[in-house]
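Okay, here's what each chain looks like letter by letter:
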Amino acid sequence: MKIQAITNTDFKGLYTDKSAQNRGNWKIEYQPYSWEKLNTYKFGTASQEEWNILANSLPDNEKHFTETKPRKYDWYPKEGRESCRDILGTEFYYHDFETKKMRNVIDHKEALNLEDSLNVLNRKLARFLDLKEEEMKSLEDIFTSDKEIINKHSADFDHYSSDYDDSFLSRTNDKKYNKQKMVEHKNGLKEKADTMFDNIQKYIGLRTSSEQVKEKRLNIEQEIALINKAKNSGNLIDISQRVYVYDPNKKLWDALQNIQAAKNKLVALPHRTISVREILNEIGAHIKECDIPEKAIEYIDMLIKNRR
């Protein structure tokens, strides 16, 4: 599976290779998604997780591990080179066992805001779809090849079967040899049918998950458009960044000091957007105006905690 690295070092993403700006010396930065969590309770860099081509989404901190000389046994000394990249191709770890060189230092930065997180995820899902398409094309080529192999096994089986039934004088091979070849081609048909079934199941999984990824991308693009519209009209309250931020809810608190002015605004949480009107409706009309900021903060904290 080929993963081509991005070349724009100014790309605002999760892993960013800044080595070119560091005199060629290793420099990899990581900014987590706004919604990404270090653990159940704390926002930050999630554990690296291998992504699956059949999945309908990507892990928050996805990786693809490769090695040039896999060990035959666990107790063999490692050789060659091993590496980890994200789906966009940015290498953030490698170990060359022949030169004894390893690079794994990552500079952790503040989290992306929701808009940037969605843009990065959208770009990654687009690449994910490309890889699914490549895998499906590869399977389609295998299906064509398998059909030819199945036809060959079938023709050869018929040939040896016919020769088996011929009379002694007309027979090309003896019966034992013909029977051996018939069994061989019957087993070949069975083996190829089994692998074809597995590949068909994989193909179906790729098609189904691709449609789910496309739907996810559509939802992301709609959310990005909503954020851009609010931002361009001055109606965005962005409290989506929670990593290395002393008081992440301050912008909302400040905005709610003037309820009437804030009513038409959109709030960007780490994982979604919500309008101020919706927040006000949820906390109830009976709340005194002076208590609204506190109750609103309690409500959005609950949404963020439970990712609702």
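None of these values were measured; they are calculated from a predicted model.

Rules and cut-offs
- Residue positions are given per chain, counting from 1 as you read along its sequence in written order.
- Reporting of local features is limited, given that this is a predicted model, to residues whose pLDDT is at least 70; pairs of side-chain atoms are given and counted only at 80 or more, and all residues count toward the totals for whole chains, interfaces and linings.
- The basis for every side-chain value is the complete set of non-hydrogen atoms in the structure, without hydrogens or water.
- Only DSSP runs of H or I with at least four residues qualify as helices, and only runs of E with at least two residues qualify as strands; both kinds are numbered from the N terminus onward.
- Only protein chains enter the area calculation, which uses a 1.4 Å probe; residues under 20% of their type maximum are buried, those over 50% are exposed, and those in between are partly exposed.
- By this definition, two strands are paired if DSSP reports at least two bridges between them.
- Angles run from 0 to 180 degrees between N-to-C directions of axes, and those axes are lines fitted to C-alpha atoms, restricted for helices to the stretch in contact.
- By definition, residues are in contact when any of their heavy atoms lie within 4.5 Å.
- Any residue with relative accessible area above 30% and no salt bridge may belong to a patch, with like charges joined within 9 Å and the nonpolar Val, Leu, Ile, Met, Phe, Trp and Tyr side chains within 5 Å.
- Surface accessibility in these figures is a Shrake-Rupley result with a 1.4 Å probe; residues are shielded only by whichever protein chains are displayed.
- A carboxyl oxygen of Asp or Glu within 4 Å of a side-chain nitrogen of Lys or Arg is what we treat as a salt bridge.
- One less than the residue count of a helix, multiplied by 1.5 Å, gives the span that helix is expected to have.
- Within this analysis, the arc is defined by the directions that extend from the helix axis to the C-beta atoms.

A. Expanded view of the environment of Ile142. As for its position among the elements, Ile142 is in helix α1 (residues 114–165). Exposure remark for Ile142: the relative accessible area of 33% places this residue in the partly exposed category. Considering only alpha carbons, one finds Ile142 and Met196, 54 residues apart in sequence, at a separation of 8.6 Å.

B. Fine view of the sheet that holds strand β11 (residues 273–275). The strand order across the open sheet formed by 3 strands is β9-β10-β11, and the pairing between neighbours is mixed. Each having just a single partner strand, β9 (236–238) and β11 make up the two edges of the open sheet. In this sheet, neighbouring strand axes are inclined to one another by 25 degrees on average, regardless of whether the strands run parallel or antiparallel. Summarising the sheet, β9 and strand β10 (residues 266–268) pair through 3 bridges and their orientation is parallel. Of the residues in β10, the one forming a bridge with Leu236 is Leu266. Helix α5 (residues 276–283) contacts β9, β10 and β11 of the sheet and is inclined by roughly 70 degrees relative to β11.

C. Expanded view of a nonpolar patch on the surface. Taken together, Tyr73, Trp75 and Tyr76 make up a surface patch of nonpolar side chains, about 370 Å² in accessible area. Looking at the secondary structure, you find Tyr76 in the loop between β4 (62–67) and β5 (81–85).

D. Representation of helix α6 (residues 292–306) within the structure. Its 15 residues place the ends of α6 21 Å apart at the C-alpha level, agreeing with the 21 Å of an ideal helix rising 1.5 Å per residue. Considered for burial, the residues of α6 that qualify are Ile292, Pro293, Ala296, Ile297, Tyr299, Ile300, Leu303 and Ile304. Take α6 and look down its axis: the buried residues cluster within an arc of 165 degrees, on one side only. One or two residues past the end of α6 sits Arg307, with phi positive at roughly 50 degrees.

E. Local environment of the pattern of salt bridges. Under the criterion given, the structure shown has 22 salt bridges. Here Lys192 ties to Asp146 by a salt bridge, and the two come within 3.3 Å at their closest N and O atoms. Of the two residues, Lys192 is situated in helix α2 (residues 175–232) and Asp146 in helix α1; the sequence distance between them amounts to 46 residues. Of the two residues, Lys192 and Asp146, both sit in the buried class. Three or more residues joined by partner-sharing salt bridges are found here, namely Lys18, Lys27, Glu29 and Asp107.

F. Main features of the pairing of β5. By the bridge criterion, 4 bridges tie β4 to β5 in an arrangement that is antiparallel. From the neighbouring strand, Thr66 faces β5, where its bridge partner is Ser83. With 5 bridges joining them, β5 and strand β6 (residues 91–96) adopt antiparallel strand pairing. If you follow Ser83 over to β6, its bridge partner there is Tyr94.

G. Structural detail: the sheet that holds strand β2 (residues 28–30). In spatial order, the strands read β1-β2-β8; together these 3 strands make up an open sheet with mixed pairing. Of all the strands in the sheet, the pair left with one neighbour each is β1 (15–17) and β8 (106–108). Here the strands of the sheet are splayed against their neighbours by 30 degrees on average, with no regard to which way each runs. Of the strand pairs in this sheet, β2 and β8 are connected by 3 bridges, and their pairing is parallel. When the bridges of β8 are listed, Tyr30 appears paired with His108.

H. Spotlight on the pairing of β4. Pairing analysis gives 2 bridges linking strand β3 (residues 49–50) to β4, with the strands arranged parallel. Pairing of Glu49 across the sheet is with Glu62, part of β4.

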